[in-house]
Amino acid sequence: MDADWEALRAAARDAMSRAYAPYSGFPVGAAALVDDGRVVVGCNVENAAYGVALCAECGLISSLVAGGGGRLVAFTCVDARGATIMPCGRCRQLLWEHGGAALLVETPQGVVPMTDVLPQAFGPQDLDAVRDREEKP
Ligand code: THU
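What you see is a predicted model; the values in this text were computed from it and never measured.

Let's talk about the environment of Val-28
Position of Val-28 relative to the elements: it lies in the loop between helix H1 (5-16) and strand S1 (29-34). A residue is classified by how much of its surface remains accessible, and Val-28, at 9% relative accessible area, is buried. Between the alpha carbons of Val-28 and Pro-87 there is a distance of 9.9 Å; along the sequence they are 59 residues apart. Setting aside residues up to four positions removed in sequence, Val-28 forms contacts with Met-16, Ala-19, Gly-42, Cys-43, Asn-44, Ala-56, Cys-77, Val-78 and Ile-85.

What follows is the structure, given as structure tokens:
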């Protein structure tokens, strides 16, 4: 499924405009295309207890799962200027779980596969490898 990157960027900017980021002053919006054609979005939501802030990607993944799940196909996130930014390390892990190697990620240097953004990722297959071994008689 081909992504309309301009439409995704617009959805991310729209989500960014609703971010709750009074502490950092750094609103972020994220948007992704799902393999069934849905577009899911998220914005960062901060907290007076700074450490519990939710990144925009957290909201996006929550929306993906609560809306029926599916695999992420294309992802972008933007700052207050509407410029593309990289997802933080923790959020790359969140994206990996729901998009894997096939997920395309927009970066300031263009669109790249998720494997470029999170090489040698830890994922569900690593858990399976140990579980399979334990289940052997
Ligand atoms: N932030 C995100 O929402 N996503 C990222 O991938 C990078 C960082 C948010 C967290 C915090 O609310 C603000 O940006 C400043 O770090």
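Anyway, onward from the coordinates.
Section: the sheet that holds strand S5 (residues 110-113)
Across the sheet, 5 strands lie side by side as S2-S1-S3-S4-S5; this open sheet has mixed pairing. Strands at the two margins of the open sheet, each flanked by one partner only, are strand S2 (39-43) and S5. Adjacent strand axes in the sheet meet at a mean angle of 20°, parallel and antiparallel pairs treated alike. Bridge count for S1 against S2 is 5 bridges, and the pairing is antiparallel. Bridge assignment links Ala-32 to a residue of S2, and that residue is Val-40. Running over the sheet, helix H2 (residues 56-66) touches S1, S2 and strand S3 (72-78) and is turned about 145° from S2.

So, the nonpolar core
Grouped together as the largest cluster of nonpolar side chains are 22 residues, with contacts concentrated most on Val-40, Leu-60, Leu-72, Phe-75, Leu-95, Leu-103 and Met-114. Of all the secondary structure elements, the ones that give two or more residues to this core are S1, H2, S3, helix H3 (89-99) and helix H4 (114-117). With 4 residues, the top contributor of residues to this core is H2. The next biggest cluster of nonpolar side chains, apart from the first, holds 9 residues, and it includes Leu-8, Ala-31, Ala-74 and Val-78.

Considering the site of the ligand
Around the ligand, the structure places Ser-24, Phe-26, Val-28, Asn-44, Glu-46, Cys-55, Ala-56, Glu-57, Met-86, Pro-87 and Cys-88. Residue Glu-46 places a side-chain N or O atom 2.5 Å away from an oxygen atom belonging to the ligand. The separation between an oxygen atom of the ligand and a polar side-chain atom of Glu-57 is 2.8 Å. Notes on the ligand: free accessible area 380 Å², of which the protein chains cover 78%. When its residues are assigned to classes, the shell around the ligand shows 7 nonpolar, 2 polar and 2 charged.

So, the pairing of S5
Bridge count between strand S4 (residues 104-107) and S5: 4 bridges; the pairing is antiparallel. In the strand pairing of S5, Leu-104 is matched with Pro-113. A loop of 2 residues connects S4 with S5, the two strands running antiparallel in sequence.

Description of the side chain of Glu-106
Here Glu-106 lies in strand S4. By relative accessible area, Glu-106 is classed as buried at 8%. Of note is the side chain of Glu-106, whose polar atom sits 2.4 Å from the side chain of Arg-9. Aside from chain neighbours lying at most four places away, what touches Glu-106 is Trp-5, Arg-9, Phe-75, Thr-76, Thr-84, Ile-85 and Val-111.

A few points about the packing of H2 against H3
Packed helices, taken two at a time, are described by the angle between their axes plus the distance between the axes. Running from amino to carboxyl end, H2 crosses H3 at an angle of 20°, the nearest separation of the two axes being 10 Å. With respect to their mutual orientation, H2 and H3 come out roughly parallel. Between H2 and H3 the crossing geometry is left-handed. For the pair formed by H2 and H3, the contact residues are Glu-57, Cys-58, Ile-61, Leu-64 and Val-65 on the first element and Arg-90, Cys-91, Leu-94, Leu-95 and His-98 on the second. For the contact of H2 with H3, a count of residues per class yields 7 nonpolar, 1 polar and 2 charged.

Analysis parameters
Residues numbered from 1 in each chain as written. Predicted model: local features only at pLDDT ≥ 70, side-chain atom pairs only at ≥ 80, totals over all residues. Heavy atoms only, no water. Helix = DSSP H or I, 4+ residues; strand = E, 2+ residues; numbered from the N terminus. Buried < 20%, exposed > 50% of the residue type's maximum accessible area, 1.4 Å probe, protein only. Contact = heavy atoms within 4.5 Å. Pairing = 2+ DSSP bridges. Axes fitted to C-alpha atoms, helices over the stretch in contact; angles between N-to-C directions. Core = buried A, V, L, I, M, F, W, Y, C linked by side-chain atoms within 4.5 Å. Near = heavy atom within 4 Å. Polar contact = N/O pair within 3.5 Å; in protein donor to acceptor, adjacent residues only side chain to side chain. Areas by Shrake-Rupley, 256 points an atom, 1.4 Å probe, with all protein chains shown as cover. Nonpolar A, V, L, I, M, F, W, Y, C, P; charged D, E, K, R; others polar. Parallel < 35°, antiparallel > 145°, perpendicular 65-115°, else oblique. Left-handed = near helix turned anticlockwise from the far one by under 90°.

Without other data, these values stay purely geometric and don't point to any function.
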